[in-house]
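Each chain, written out:
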Amino acid sequence: MTNSSTKDKSLKEKTLGEVMRSQGVSRRSFLKFCAATASMMAMSPAMIPKIAHALESARRPSVIWLSFQECTGCTESLTRAHTATVESLIFDYISLDYHHTLQAAAGHAAEEAREAAMKENFGKYLLVVDGSIPLGNPGYSTIAGISNYDMLMETAKGAAAIIAVGTCATYGGIPHANPNPTGAVSVGELIKDKPIINVPGCPPIPVVITGVLTHYLTFGTIPELDHLGRPKVFYGQSIHDRCYRRPFYDKGLFAETFDDEGAKKGWCLYKLGCKGPTTYNACATTKWNDGTSFPIEAGHPCLGCSEPDFWDGGGFYKALSMPTENITQTAVYTAAGAVAAGLALGAMNKRKKNSAVAAHNKTTTDDLEK
Amino acid sequence: MSEIEFLNWVRGPGFQIATIIFIAGIIIRFGEILLLGRKENLAEAKGSEMSSGLRTIVTRSIPDRETFKRSTFTVVAGYIFHIGLFVTIFLFAPHILVFKDVIGFGWPSLPTPVVDAMAVVTIIALLAVLVHRMRNTVLKFLSTREDYLVWFLTIAPLITGYMAFHRIGTTAPTLLAIHILSVELLLVIFPFTKLMHTFTFVLSRWYGGAISGYRGVES
Amino acid sequence: MSEASIPVTTEIKFNIQVSNELTQNVKPLLHEIKHALDALIETGKTSIIDLRSIPLAPGEEDKILNTLGQGEVMAQLNTLGLSEVTETQYAGVWLVTHYNDEGNIISRFIEVTTMPVILCSQTEDILSAYSRITEILE
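## What to know about the overall build of chain C
Now for step 1: In terms of helices and strands, chain C carries three helices and five strands.
Now for step 2: Scanning chain C from its N terminus toward the C terminus, one meets helices and strands in the order α-β-α-β-β-β-β-α.
Now for step 3: When contacts within chain C are restricted to residue pairs at least 6 apart in sequence, those whose partners lie at least 24 apart make up 42%.

## Some details on the packing of helix α3 (residues 27–40) of chain A against helix α4 (residues 48–57) of chain A
Residues and elements named next belong to chain A.
Now for step 1: Two elements in contact, α3 and α4, have axes separated by 9 Å at closest approach and are oriented at 120°. Considered as vectors, α3 and α4 are oriented oblique to each other. Considering the relative orientation of α3 and α4, their crossing is right-handed. Contacts between α3 and α4 involve Leu-31, Cys-34, Ala-35, Thr-37 and Ala-38 from the first element and Ile-48, Ile-51, Ala-52 and Leu-55 from the second.
Now for step 2: Along the lines of polarity and charge, the residues of the contact of α3 with α4 split into eight nonpolar, one polar and no charged.

## Focus: unusual backbone geometry
Residues and elements named next belong to chain A.
Now for step 1: Here the amide bond leading from Asn-178 into Pro-179 is cis, since omega sits at 0°, within 30 degrees of zero.
Now for step 2: Residues Cys-202 and Pro-203 are joined by a peptide bond in cis, for which omega reads -5°.
Now for step 3: With respect to the helices and strands, the residue Pro-203 is situated in the loop between β9 (196–199) and α11 (206–219).
Now for step 4: One non-glycine residue with positive phi stands out, namely His-360, at about 55°.
Now for step 5: The residue His-360 is located in the loop between α16 (327–358) and α17 (365–369) in this model.

## What to know about the packing of helix α6 (residues 112–135) of chain B against helix α8 (residues 145–166) of chain B
Residues and elements named next belong to chain B.
Now for step 1: One can describe the packing of α6 onto α8 by two numbers: an axis separation of 10 Å at closest approach and a directional angle of 145°. In the crossing of α6 with α8, the sense of the turn from one axis to the other is left-handed. Contact residues: Asp-116, Ala-119, Thr-122, Ile-123, Leu-126 and Leu-130 in α6; Trp-151, Thr-154, Ile-155, Leu-158, Ile-159, Gly-161, Tyr-162 and Phe-165 in α8.
Now for step 2: Looking at the contact of α6 with α8 residue by residue, the class counts come to ten nonpolar, three polar and one charged.

## Some thoughts on the confidence of the model for chain C
Any residue range with low pLDDT should be treated as having predicted coordinates unsuitable for detailed reading.
Residue and element names in this part refer to chain C.
Now for step 1: Per-residue confidence for chain C averages 81 on the pLDDT scale, and 78% of its residues sit at or above 70.
Now for step 2: Below a pLDDT of 50 lies the segment residues 14–23, which in the model reaches 17 contacts outside its immediate sequence neighbourhood of four places, other chains included.
Now for step 3: As a predicted assembly, this complex carries a pTM of 0.80 together with an ipTM value of 0.84.

## As for the environment of Ser-47 of chain C
Residue and element names in this part refer to chain C.
Now for step 1: Note on placement: Ser-47 falls in strand β1 (residues 47–50).
Now for step 2: Residue Ser-47 is classed as partly exposed on the basis of its 19 C-beta neighbours within 10 Å.
Now for step 3: Taking the C-alpha atoms as reference, Ser-47 lies 42 Å from Leu-137; in sequence the two are 90 residues apart.
Now for step 4: In contact with Ser-47, not counting residues within four places along its chain, are Ala-36, Ala-39 and Val-112.

## Concerning the interface of chain B and chain A
Now for step 1: Each side of the interface is counted separately: chain B has 34 residues, and chain A has 42 residues.
Now for step 2: Secondary-structure elements contributing two or more residues to the side of chain B that touches chain A are α1 (3–36), α5 (93–103), α6 and α9 (172–189) of chain B.
Now for step 3: Counting residues per element, the side of chain B that touches chain A draws most heavily on α1 of chain B, at 19 residues.
Now for step 4: Looking at the side of chain B that touches chain A, its residues break down into 21 nonpolar, nine polar and four charged.

## Side note on the nonpolar core
Residue and element names in this part refer to chain A.
Now for step 1: In terms of nonpolar packing, the biggest core is built from 126 residues, with Cys-34, Val-129 and Ile-163 touching the most fellow members.
Now for step 2: There are two domains that each give this core at least three residues, and those are domain 1 (61–235) and domain 2 (237–340).
Now for step 3: In contact with Ile-163, not counting residues within four places along its chain, are Leu-126, Val-128, Ile-197, Val-199, Val-212 and Leu-213.

## Brief notes about the sheet that holds β1 of chain C
Residues and elements named next belong to chain C.
Now for step 1: Pairing is antiparallel across the open sheet formed by five strands, whose spatial order is β1-β5-β4-β3-β2. Each of the sheet's edge strands pairs with one partner strand only, and the pair in question is β1 and β2 (74–78). Going from strand to strand, the sheet's axes swing by 20° on average, the running direction of each strand aside.
Now for step 2: Two elements, β1 and strand β5 (residues 105–112), share four bridges in a ladder whose sense is antiparallel.

## Section: the domain arrangement of chain A
Many descriptions give the size of an interface as the accessible area lost when the pieces come together.
Residue and element names in this part refer to chain A.
Now for step 1: Here chain A is described as being made up of domain 1 (61–235) and domain 2 (237–340).
Now for step 2: Centre-to-centre, using C-alpha coordinates, domain 1 lies 30 Å away from domain 2.
Now for step 3: Taken residue by residue, the interface counts 16 residues in domain 1 and twelve residues in domain 2.
Now for step 4: When contributions to the side of domain 1 that touches domain 2 are tallied by element, the ones reaching two or more residues are α9 (166–171), α11 and α12 (232–235).
Now for step 5: Looking at side-chain class alone, the side of domain 1 that touches domain 2 contains ten nonpolar, five polar and one charged residues.

Cut-off values and rules
Residues numbered from 1 in each chain as written. Chains lettered and ligands numbered in written order. Predicted model: local features only at pLDDT ≥ 70, side-chain atom pairs only at ≥ 80, totals over all residues. Helix = DSSP H or I, 4+ residues; strand = E, 2+ residues; numbered from the N terminus. Contact = placed C-beta atoms within 7 Å. Axes fitted to C-alpha atoms, helices over the stretch in contact; angles between N-to-C directions. Parallel < 35°, antiparallel > 145°, perpendicular 65-115°, else oblique. Left-handed = near helix turned anticlockwise from the far one by under 90°. Nonpolar A, V, L, I, M, F, W, Y, C, P; charged D, E, K, R; others polar. pLDDT = per-residue confidence, 0-100. Buried ≥ 20, exposed ≤ 12 C-beta atoms within 10 Å, placed from the backbone. Core = buried A, V, L, I, M, F, W, Y, C linked by C-beta atoms within 7 Å. Domains from an automatic or database assignment. Pairing = 2+ DSSP bridges.

Here it is, written out as structure tokens:
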């Protein structure tokens, strides 16, 4: 009836249930954690017993986190996820064997730790990637002298699944923006033989990151993905479809500037460049800072940061219906050229007509068809 | 190509190409028409050409009683879809933003539900016009491939625009990109078809009024 | 530019008007609770409703909670942050609210049952208690 047998197991061999109990976390607290987890993953409360059972008997998986051409915003976002002290539990739950910002080790010791974790858990570890991979010149971004490309390909070999976190890893992000000087590509463009979950956003919402991690760690399966590889549970709706300002869009009431009457009344931000209609993310429902608010609620148009190429969409303050290039210039130059061409062609036609008149040519129906 | 890349292309290079062909086409055709000139009329002028011509540009908008009685359907349906096109293109807020970007200024818009309703009415009118064309023996005989092509190019932006606004069918970026692409297709083919009447109607109506005015008769 | 010429606003008023027809989830939710109570009476089946999963407009959650009111039982749990379990004025309808260390609500459930499971002592905890009490008596 005692649990003394678990005392002798190493941390890696214990199940999550055993880990939590050994840390003095009661089962009641564990149930609270499972309930919060189910809510966070947008699952029905009927799933709570299933989650409890799955987590209870799950072993701590090894997680290797590779950071490539990134700004560390995604890691910052993740460490802001306060939900239910899920944070501390996730990090107790998973064995985060390698992470530049969060690990204590450095230099050779860190790289050796990574290689050891890969060997020990070959085929079973979870690979999390943030940042894009430069193909232009491997020297653009290296870790311990190893290029991002080499490190990714080598580490991906033994991964059970890959989670690409942030728009840089999922679609190339800001390094990929025109003219893409480093030749940045996404994880999905390089790896074709492993399941990849894309969690885009610049950064992604904290609970979305942890929700996806938790889903995989709890059930060992990939959540249902859309055509761009994003979990439908968080990216299935566009911001526009869930925006609380939608009634204003439908009625045609728009804010024209950031400080006019319409803006103060909370009218639609379409004219100020909102990309909500073409952006899929959970910002309008899950929101940021534990459900405090999101950009549109704060009065700023959506940037579309969870979509590919959002940096090249013509500018954040250019409305979706507007062209991205300078059309006025094109139109003026074209008009000038066309006037010249028109004059030339007109002169040619006139000469043809005059010579036809002089030669007393008959007008036929073919001439009229022109 | 991802759906966002597709959308960025139609909003970028696609728009440029369409603008160039559209503007060049219209100006060149206008230039050709104007430079062809008219044969000198050696008869004595009995009235003013210009005043009759200018007046006729406006008065031709009112259908005369005989034409109305003989082709009521064509006149009514025609008016409906022309007014509908004007409302949906020029009085819808997101479209006015496009003009603002290109020509530098905009104008007030109509409430969105009104434009939405007009779009539906216009689509119905255009469908009715096609059915009429295909069922009337004379019209069917006279119809060329160009007539059907032009009809398609005109209704496509309306249908794709409606679908994009109400998000029917597929993801939002794809719907919006298809709508913009349909407009670009219309612009590109425009100068080579009878759609030029959009601009040349001014010349034809002026000419009709002018020759009548020259002869001193009503136009 | 002198400072006097820059207009300074000390009070910023926001008048964000939200349509009244946005979401009307109060009545349907109360209907769902009624059906759950019926199921509890007839077959003893318990139900849990996740309030986070329903898109509620500002003010609707308060309306629902005010309607359900406060009953005879109010329990406070110290489980990795505070948790509150209260029976509403409708017996069998419980409100379970979980807070994190900083006092933010992380999840909220309406449970239709005789008693929410989280209130009961858990088997594993009882086993652990037995071994601990055995130890101090040794």
